[in-house]
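The residues making up each chain are set out below.
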Amino acid sequence: MPAAALFDVDGTLPDTGYWHTIAWTEALAQFGHTPAMARIHGAIGMGGDQLLDHLLGEDRDHADDAAIAAAHQALFARLWPSLRAFDSAGELLRQLKRRGWTITLASSASGRDLEVMRRVPDTDDAIDHTTSADDVKAGKPAPDLVHAALAKSGAEPEQALFVGDTPWDVQAAAQAKVACVAVLSGGFGERALRAAGALEVHHDVGDLLVHLDGSALGDPAHHAALGR
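Nothing here was measured: the structure is a model prediction, and the numbers come from that model.

S.K.: How do you make sense of the overall build of the protein when you look at a structure like this?
M.R.: From N to C terminus, the protein includes eleven helices and six strands. What you see for the protein is a C-alpha radius of gyration of 17 Å, in line with the 17 Å of a compact globule of 228 residues. The buried share of the protein, reckoned over its 228 residues, is 54%. A fraction of 67% describes how many contacts in the protein between residues 6 or more apart in sequence connect residues 24 or more apart. For the protein, the separation between the mean place of its 18 positive charges and that of its 32 negative charges on side chains is 3 Å.

This is the structure in structure tokens:
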């Protein structure tokens, strides 16, 4: 069985966390909801269904949910030309691929947004599988995306590592019994990521690449052997 590196996308590979904050802020305002942007940013990384529950309460009228989500997608699409990858994002994925990892993207984004964002780091040659919000019933921090990514990669939980930038990534991975390597590039602090259960915390994917030999991601053979 292969060793599987499962990657969140937003805020981990492309620098999109604050763009999503802006898009959700404007989408919510269109329907009369004005939570502080700091609260909205704190929910970035959740699936859209979970994000609205977190910000607006589970007992609200859900009639506008689909329209709010559609407005967010439309607003975020306008920002596609501004998206950029974090430095070394592509090289990290290629290096992991060369070392023997199977690379699977596990994103809370829609399939349409994921197709755009996966090309921002220009890493299609390193990606083996993808899964998005369209493939699961519940987004992060529910473990559904991680389970789906594991199924596509053909790995057991102990053979995998998840890489993400939010506490919601770490929690989703933990519920699927997958250890998580976290990066600070999404705007969440090390304390919050550690409290959620992160195995390691790096400044960004470039920093992870520099310290790859000392990371749990450095040796795929070790993880591959765990499932035997």
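Continuing now.
S.K.: Please explain the pattern of salt bridges as it appears in this structure.
M.R.: Here the idea is simple: oppositely charged side chains can pair when their charged atoms come close. As enumerated under the stated definition, the model contains 16 salt bridges in all. Measuring nitrogen to oxygen at the nearest pair gives 2.8 Å for the salt bridge that ties Arg60 to Asp53. Asp53 sits in the partly exposed class, given a relative accessible area of 23%. With its nearest N and O atoms 2.9 Å apart, the salt bridge here joins Asp169 to Lys140. With a gap of 29 residues between them, Asp169 in helix H8 (residues 167-175) and Lys140 in the loop between strand E3 (129-131) and helix H7 (144-153) connect regions that are remote in the sequence. Considered together, Asp169 and Lys140 belong to a single accessibility category, that of buried residues. If you follow the salt bridges from partner to partner, you end up with Glu115, Arg118, Arg119 and Asp124 in one network.

Conventions used here
- Residues numbered from 1 in each chain as written.
- Predicted model: local features only at pLDDT ≥ 70, side-chain atom pairs only at ≥ 80, totals over all residues.
- Heavy atoms only, no water.
- Helix = DSSP H or I, 4+ residues; strand = E, 2+ residues; numbered from the N terminus.
- Rg over C-alpha atoms; globule rule 2.2 N^0.38 Å.
- Buried < 20%, exposed > 50% of the residue type's maximum accessible area, 1.4 Å probe, protein only.
- Contact = heavy atoms within 4.5 Å.
- Lys, Arg positive; Asp, Glu negative; His and termini not counted.
- Charge placed at Lys NZ, Arg CZ, Asp CG, Glu CD.
- Salt bridge = Lys/Arg side-chain N within 4 Å of Asp/Glu carboxyl O.

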